[in-house]
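Letter by letter, the chains look like this.
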Amino acid sequence: MRRLSPSLLVWLVLVWVSLWGTLDVTTVVFGVLVALGVLVFFPLPVHRWNIFGHPLRLASLTLYVVWDLVLSAVRLAWDEFRHGSSVKAAIVAVPVLSDVDHVIASASNVLSLGPGRFVLQIDRANRIWYVYALGVRSRLACDKIHDDALDLQVRVIHAFGAPDEARTVRERAEEAKRRRARAVDDGTPRETEAP
Amino acid sequence: MTVRDWICAVLLLSGALFCVIGAYGVVRLPDVPSRLQAATKPQTLGLLLILAGTAVRLEPQYAVGLVLAGLFQVITAPVLSQLFGRTAYSTGAVDKSTLVTDELDERLRAERG
């Protein structure tokens, strides 16, 4: 039998207790039974996910996500009212900075949470994300999406990535930014706003 | 009105506002992925605000359930939008004329020939 993850067990019991809204012995005992049942019948691959390893970085990531959520919701609303059905979008290729499945998955979830963009496709073998972003009207804005997605990954990997990845991630992000073929910044975006 | 009432009212009303913005976007935006953004994202924020507004008025032990509802919304919304978005892209429901650039298409073309 697979090794049962104690942290997952605690988490499931916590969810159970909060669902019932009462904290007493009977609820906890049944919670443990249900959690054991879930873990035995629906086993998950065992991995070391150090999600609370850096509480401060996790808190800063959370704050950043909440702020980003509000900011992009307002921006998206503005785009809707101003441009309506002629709003422009883009699909941008972004290099993935991690090689750990659950870090890639949670980073793409964090990115997709913000209004106006989501990870359309993950090319796992070549480590590329294809990010769809709404409200993009020039090539320069595409470059900004690219850089923002990289910065977000840096934050996520710092918060709960593997230590060896977290140490080098900042340099690798800067390297990836340098390597991108950028739109020429001559003051006028190549493709201007649609009339 | 107490301070608590004011906080509750502000949270509930701004939450409702974001839900309306989401609904408006579904009508106004051009294609599936953009409508998907309008349908899922401002509503996530709207729901979170409404939950927070409700939690302010509740006894703490009932508010825990609302935290769970918010948490699961935050975990599931991006997964759904990615699944729908990818399906929309591969079935051709993306209006290519709205795209400033499509680096996935460039890549697929390069691979094909």
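An unreviewed UniProt entry lists chain B under the name Monovalent cation/H(+) antiporter subunit G, with Prauserella cavernicola given as the organism. Taken from UniProt, the Sequence similarities (unreviewed entry) comment for chain B reads in full: "Belongs to the CPA3 antiporters (TC 2.A.63) subunit G family."

As named in an unreviewed UniProt entry, chain A is Na+/H+ antiporter subunit E, taken from Prauserella cavernicola.

All right, on to the UniProt feature "transmembrane region" (unreviewed entry) in chain B then. Mapped onto this numbering, the UniProt entry annotates "transmembrane region" (unreviewed entry) at residues 62-80 of chain B. In this annotation, residues 62-80 of chain B is assigned 100% helix and 0% strand; the end-to-end C-alpha distance for the span is 28 Å.

Moving on to the nonpolar core. Membership of the largest hydrophobic core comes to 42 residues, with the highest contact counts inside it found for Val 94, Leu 97, Leu 111 and Trp 129 of chain A. Every element with two or more residues in this core is listed here: α3 (55-83), β1 (89-95), α4 (101-113), β3 (128-134), α5 (139-160) and α6 (163-179) of chain A together with α1 (3-28) and α2 (32-57) of chain B. Sorting elements by how many residues they give to this core places α5 of chain A first, with ten residues. Excluding residues within four positions of it along the chain, Leu 111 of chain A makes contact with Arg 117, Phe 118, Val 119, Trp 129, Val 131, Ala 149 and Leu 152 of chain A. Of all hydrophobic cores here, the second largest spans 16 residues; its members include Ile 91 and Phe 118 of chain A together with Tyr 89 and Leu 99 of chain B.

This structure, assessed with the given rule, holds 14 salt bridges over all chains. Here Asp 105 of chain B and Arg 109 of chain B are joined by a salt bridge, their closest N and O atoms 2.9 Å apart. With a gap of four residues between them, Asp 105 of chain B and Arg 109 of chain B both fall in helix α4 (residues 103-112), about one helical turn apart. For Arg 109 of chain B, a relative accessible area of 53% translates into the label exposed. The network of salt bridges with shared partners includes Asp 99, Asp 101, Arg 124 and Arg 127 of chain A.

Residue and element names in this part refer to chain A. In this structure, the second largest pocket encloses a volume near 470 Å³. Only α3 and α5 provide two or more residues apiece to the lining of the second largest pocket. With seven residues, the single largest contributor to the lining of the second largest pocket is α5.

Rules and cut-offs
Residues numbered from 1 in each chain as written. Chains lettered and ligands numbered in written order. Predicted model: local features only at pLDDT ≥ 70, side-chain atom pairs only at ≥ 80, totals over all residues. Heavy atoms only, no water. UniProt positions renumbered as here; feature names shortened; annotations may be inferred. Helix = DSSP H or I, 4+ residues; strand = E, 2+ residues; numbered from the N terminus. Core = buried A, V, L, I, M, F, W, Y, C linked by side-chain atoms within 4.5 Å. Buried < 20%, exposed > 50% of the residue type's maximum accessible area, 1.4 Å probe, protein only. Contact = heavy atoms within 4.5 Å. Salt bridge = Lys/Arg side-chain N within 4 Å of Asp/Glu carboxyl O. 1 Å grid on protein atoms, 1.4 Å probe; cavity = no way out; pocket = protein on both sides within 12 Å on 5 of 7 lines; lining within 4 Å. Points joined across faces, edges and corners; volume = space filled by probe spheres on them.

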